[in-house]
Amino acid sequence: MNRREKSRHELALIASTGAYHTFDQWTRALLPFAQWNLVPGVGMDNFIWLTALSTSFTLLGTFFVARMIEVLGLRNSAMVSTALIILYQLVVCQFNNLYIYLILQSLLIFNNMQMIIDAAILNMESEDGDYKKRTRLITRIMIPQSIGYALGPYCALQMIFFVTPSLEISQALCGFLAILTLLPVIWNYFPDNPNSNLSLVPDLSGYFDVLKSDNVKLYAVLLMMVTGPYTAYDSLLRNSMASSAIRDPNNMHNLFLTLGLTTLFVNLILLPKLQTMISTQALLSGSFSVLAGSYLYLAVFHDLIHLFIGMPVQVAAATICIGELSSQLMGAIGKRKAGTAASVLRMSQLAAILLVPFVHGMIVPHHDVVSLCVMSAAISGGAVGLVKKFGSSMVFSSEYLPGFSAKFD
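Keep in mind it's a predicted model, so treat the numbers as computed, not measured.

Participant: Please explain the nonpolar core as it appears in this structure.
Facilitator: Nonpolar side chains in soluble globular proteins generally cluster together in the buried interior. Formed by 97 residues in total, the largest nonpolar core has its most connected members in L222 and F288. Counting residues per element, this core draws most heavily on helix 1 (residues 3-36), which supplies eleven residues. L222 has contacts with F288, L325, A383, L386, V387 and M394, leaving out every residue within four places of it along the chain. Counting six residues, the second-largest nonpolar core is a separate cluster that includes V266, L274, A316 and I320.

See below:
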């Protein structure tokens with residue numbers, strides 16, 4: 001692949017990442033409203049189980065999509081996955097029947113576009129290539145991803161509250177825009193490298209080999225300790241705000257816009273700066289401590305103004321923890337198994353999301369924000385203890401870490 005082709009593929013990856021995450025977050029912002037309209041009705045107690053069902057399909061899809069990349073190639077895998085997710089986006093708000101909604105969740109098996117983008121990065125800078133260039137590319141990829149996290153909910157809520165109150169029209173527009181922007185970019189600019197000699201049946205042996213490492217298990221557990229509490233709180237907040245958004249929609253989309261911009265700031269500026277000043281173990285310990293503090297703050301203060309204070313701190317700390325642990329996990333598994341590492345990384349977070357309903361509703365009562373935040377703070381405090389006890393072997397490996405580029409410019 002010559003320099004011109006690499007440049008073209010890089011721009012395609014950046015554009016498709018931004019568009020994909022924008023439309024994905026657009027859909028996520030509207031789902032609570034769609035769930036309120038389901039017949040037979042679904043109470044607040046069951047909303048989190050709907051999220052768990054969606055996550056279980058996505059988790060199952062990590063095995064299948066990873067194998068599909070190897071067999072069908074990057075372009076064909078991206079086209080199939082994106083087309084089916086666009087189909088989901090087009091129709092998910094068109095039906096209010098609960099059972100049809102549940103069936104549609106099976107399409108989320110293909111909601112693993114980021115894995116395909118990661119594989120495309122490895123394809124451009126192959127396993128024996130320049131890891132500094134790969135790091136810069138992953139860093140650039142995170143910029144449109146963070147923008148999508150801010151832009152998607154903002155567009156969705158602006159549409160539904162200030163253009164048309166129809167969920168169906170807003171979500172259909174999301175799907176049509178995805179057709180016009182994503183599919184042409186993927187078809188024309190993604191590399192094509194199929195291998196028809198392989199079977200589509202996933203090979204699980206590589207995952208079992210990787211999980212034999214104590215360090216890999218530690219980092220996977222720590223990732224779950226970040227993702228699970230954050231997802232539980234986020235799910236509760238989204239459904240709570242959706243139920244009151246009709247009275248004041250600005251609150252919901254301004255908060256999500258703030259959180260998206262916070263993620264962008266952390267990835268671009270704060271995390272790279274901290275990595276040049278603080279050791280990995282100290283940075284993780286401090287971030288988990290700040291995360292625990294943010295949960296305690298949100299347990300005490302519940303007004304909107306306090307959400308705009310506590311949640312950006314929470315998101316910033318969670319982003320740093322996930323970024324650092326991603327680096328450690330990739331380093332523990334090794335460069336030559338980067339694809340497996342990416343899968344383990346994603347599965348760790350999805351597995352934590354699947355555990356949320358068992359905590360939120362069985363251990364912690366539904367709607368009890370105080371108990372949920374206190375438990376989340378305790379989990380984050382426990383993570384601090386694990387990092388201090390077992391984290392002495394952590395080393396900073398910049399080539400594995402999305403978001404670090406300053407040293408290579």
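Participant: Help me understand the packing of aromatic side chains, please; the structure alone is not making it clear to me.
Facilitator: A ring pair, where both rings are aromatic, is described by two values, the distance of the centres and the angle of the planes. Going through the model one piece at a time under the given rule, you end up with two aromatic pairs. Centre to centre, the rings of F64 and F110 are 6.0 Å apart; their planes meet at 80°, and the pair counts as edge-to-face. Residue F64 is found in helix 2 (residues 44-72), and its partner F110 is found in the loop between helix 4 (98-104) and helix 5 (113-124); the two are separated by 46 residues along the sequence. On the numbers, 4.9 Å between centres and 45° between planes, the contact of Y297 with F301 is tilted. Assessed through its relative accessible area of 35%, F301 is described here as partly exposed.

Participant: In this structure, what is going on with the packing of helix 11 (residues 280-300) against helix 14 (residues 369-390)? I would like to understand it.
Facilitator: Two quantities define a packed helix pair, namely the angle between the helix axes and the distance between the axes. It is at 8 Å that the axes of helix 11 and helix 14 come closest, and there the two elements cross at 165°. Our classification of the angle between helix 11 and helix 14 gives roughly antiparallel. Here the hand of the crossing between helix 11 and helix 14 comes out left-handed. Contact residues: helix 11 offers Q281, L284, S285, F288, S289, L291, A292, Y295, L296, L298 and A299, while helix 14 offers V369, V370, C373, V374, S376, A377, S380, G381, A383, V384, V387 and K388.

Participant: Looking at this model, I keep getting lost on the confidence of the model for the protein chain. Mind explaining?
Facilitator: Close inspection of predicted coordinates is inappropriate in any region flagged by low pLDDT. Chain-level pLDDT for the protein chain is 78 on average; 79% of the residues reach the 70-or-more range. Taken together, the stretch residues 127-132 has pLDDT below 50 and engages in nine contacts with residues farther than four places along the chain or on a different chain. Confidence drops under pLDDT 50 across residues 397-409; counting only partners more than four residues distant or on other chains, this segment forms 37 contacts.

Definitions and limits used
Starting afresh in each chain, residues are numbered from 1 along the sequence in its written order. For this predicted model, a pLDDT threshold of at least 70 governs which residues receive local features, and a threshold of 80 or more governs which side-chain atom pairs are given and counted, while totals over whole chains, interfaces and linings are taken from all residues. Side-chain metrics rest on all non-hydrogen atoms present in the structure, leaving aside hydrogens and water. Residues belong to one nonpolar core when they are buried, are Ala, Val, Leu, Ile, Met, Phe, Trp, Tyr or Cys, and are joined through side-chain atoms within 4.5 Å. Only protein chains enter the calculation, and the probe is 1.4 Å; a residue is then buried if its accessible area is under 20% of its type maximum, exposed if over 50%, and partly exposed in between. Put simply, DSSP marks the helices as runs of H or I at least four residues long and the strands as runs of E at least two long, and each gets a number from the N terminus on. By the convention used here, residues are in contact when the closest approach between their heavy atoms is within 4.5 Å. Two aromatic rings from Phe, Tyr or Trp, using only the six-membered ring of Trp, form a pair when their centres are within 6.5 Å; if the ring planes differ by under 30 degrees the pair is stacked, by over 60 it is edge-to-face, and anything between is tilted. Axes, fitted as lines to C-alpha atoms, cover a helix only where it is in contact. Angles between the N-to-C directions of the axes lie from 0 to 180 degrees. Small angles under 35 degrees read as roughly parallel and large ones over 145 as roughly antiparallel, with 65 to 115 read as roughly perpendicular and the rest as oblique. Note: crossing handedness is left-handed where the near helix turns anticlockwise from the far helix by less than a right angle, and right-handed where it turns clockwise. Known as pLDDT, the predictor's per-residue confidence is scaled from 0 to 100.

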